[in-house]
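Residues per chain, in single letters:
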Amino acid sequence: MDFSILTIFPDIFDSFLSHGIIRRAIESGIVSVNTMDIRNFAEGKHRITDDRPYGGGAGMVMKPEPLAKAIAEAKKRIPGSRTILLSPQGRPFKQSVASELSLLEGLIFICGRYEGVDERIYKTIDEEISIGDYVLTGGEPAAMIIIDAVTRLLPGALGGEDSAEKDSFTDHLLEHAHYTRPPVFEGESVPDILLSGNHGAIADWRLESSLIRTLLKRPDLLDSKILDSRDKKVLKRWCEYIEQIISA
Ligand code: SAM
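Residues numbered from 1 in each chain as written. Predicted model: local features only at pLDDT ≥ 70, side-chain atom pairs only at ≥ 80, totals over all residues. Heavy atoms only, no water.

## Section: the pattern of salt bridges
Turning to step 1, where the next piece is worked out: With the rule as written, the count across this model stands at 18 salt bridges.
Turning to step 2, where the next piece is worked out: With a closest N to O distance of 2.7 Å, Asp2 and Arg77 form a salt bridge. Here the residue Asp2 occupies a position in strand β1 (residues 2–7), and Arg77 occupies one in helix α3 (residues 64–77), the gap between them amounting to 75 residues.
Turning to step 3, where the next piece is worked out: What makes Asp2 buried here is its relative accessible area of 7%.
Turning to step 4, where the next piece is worked out: Accessibility expressed as a relative area gives 38% for Arg77, which makes it partly exposed. (Salt bridge = Lys/Arg side-chain N within 4 Å of Asp/Glu carboxyl O. Helix = DSSP H or I, 4+ residues; strand = E, 2+ residues; numbered from the N terminus. Buried < 20%, exposed > 50% of the residue type's maximum accessible area, 1.4 Å probe, protein only.)

Here you go:
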């Protein structure tokens, strides 16, 4: 997977790219990352990338020419790359979108700043993506979030573990509870079943934990989940339990 990031602040990415799973993915060639300074594609002594909005009003707008040139340059690396404008007005980013993007060969991210980009750049982008219903000062954190979520889905990125398969939002569930040493912390013990060595019983406990956490924290996810008879049995038992508490 080849990521190109178009930004006026390329240094922001230095730390992000030099730690943990992302660093390892770069070192092992699972991903390549190309941060591009949009200023290098701007004309004139001052390499200006923004200007005042036509029609007046507050703020500045990113000029289209440097962006178009930077996108064209990025496309030379992987011609079929998908060009994504980070924007609060875009398609909401979710795990399913991360999975979809992880199948592509290349992604080009355009990090907006100020009031955003000149409208005429839209014909050169493939889509807008938003990381949530709030407004950031720039697209850089959004690019990092998407790169992080996509990279961990790439084969080999998690170092041979299969943990991405059971992560939250896979199959419309949140992940089960986790425990590690010590066996007792502040008087609270690890559930006996997790110490039992009985893999079947542990798998059942984890499924139940996953279903209950989803029911309590994100019941909306269950609307899209196809529940099998075992899921239904677990949820029914917990709903009855909750009902007992309410009516006591
Ligand atoms: N004036 C724009 C609006 O109201 O739609 C907001 C511009 S914002 C201050 C500057 C840049 O931050 C945007 O061009 C975009 O690249 C990025 N950005 C802000 N919020 C974002 C979000 N929720 N998701 C993705 N990118 C975002």
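## Points about the pairing of strand β5 (residues 82–92)
Turning to step 1, where the next piece is worked out: Both β5 and strand β6 (residues 106–110) contribute to a ladder of 4 bridges, which runs parallel. Looking across to β6, one finds that Leu85 is bridged to Ile110.
Turning to step 2, where the next piece is worked out: Read as a crossover between parallel neighbours, the route from β5 over helix α4 (residues 95–102) to β6 is right-handed.
Turning to step 3, where the next piece is worked out: Pairing of β5 with strand β7 (residues 127–130), which is carried by 5 bridges, proceeds in the parallel orientation. Bridging across to β7, Ile84 finds its partner in Glu127. (Pairing = 2+ DSSP bridges. Right-handed = clockwise from strand over helix to strand, strands pointing away.)

## Observations regarding the site of the ligand
Turning to step 1, where the next piece is worked out: With respect to spatial proximity, 20 residues lie near the ligand, and among them Leu86, Gln89, Gly112, Tyr134 and Leu136 are the closest.
Turning to step 2, where the next piece is worked out: Between the ligand and the protein, one listed contact pairs a nitrogen atom with a backbone N or O atom of Ile131 at 3.1 Å.
Turning to step 3, where the next piece is worked out: Burial of the ligand by the surrounding chains reaches 85%, relative to a free accessible area of 580 Å².
Turning to step 4, where the next piece is worked out: Of all the elements in the fold, those that place two or more residues in the shell around the ligand are β5 and β7.
Turning to step 5, where the next piece is worked out: Looking at the shell around the ligand element by element, the count peaks at 4 residues for β5.
Turning to step 6, where the next piece is worked out: Residue composition of the shell around the ligand, grouped by class: 9 nonpolar, 9 polar and 2 charged. (Near = heavy atom within 4 Å. Polar contact = N/O pair within 3.5 Å; in protein donor to acceptor, adjacent residues only side chain to side chain. Areas by Shrake-Rupley, 256 points an atom, 1.4 Å probe, with all protein chains shown as cover. Nonpolar A, V, L, I, M, F, W, Y, C, P; charged D, E, K, R; others polar.)

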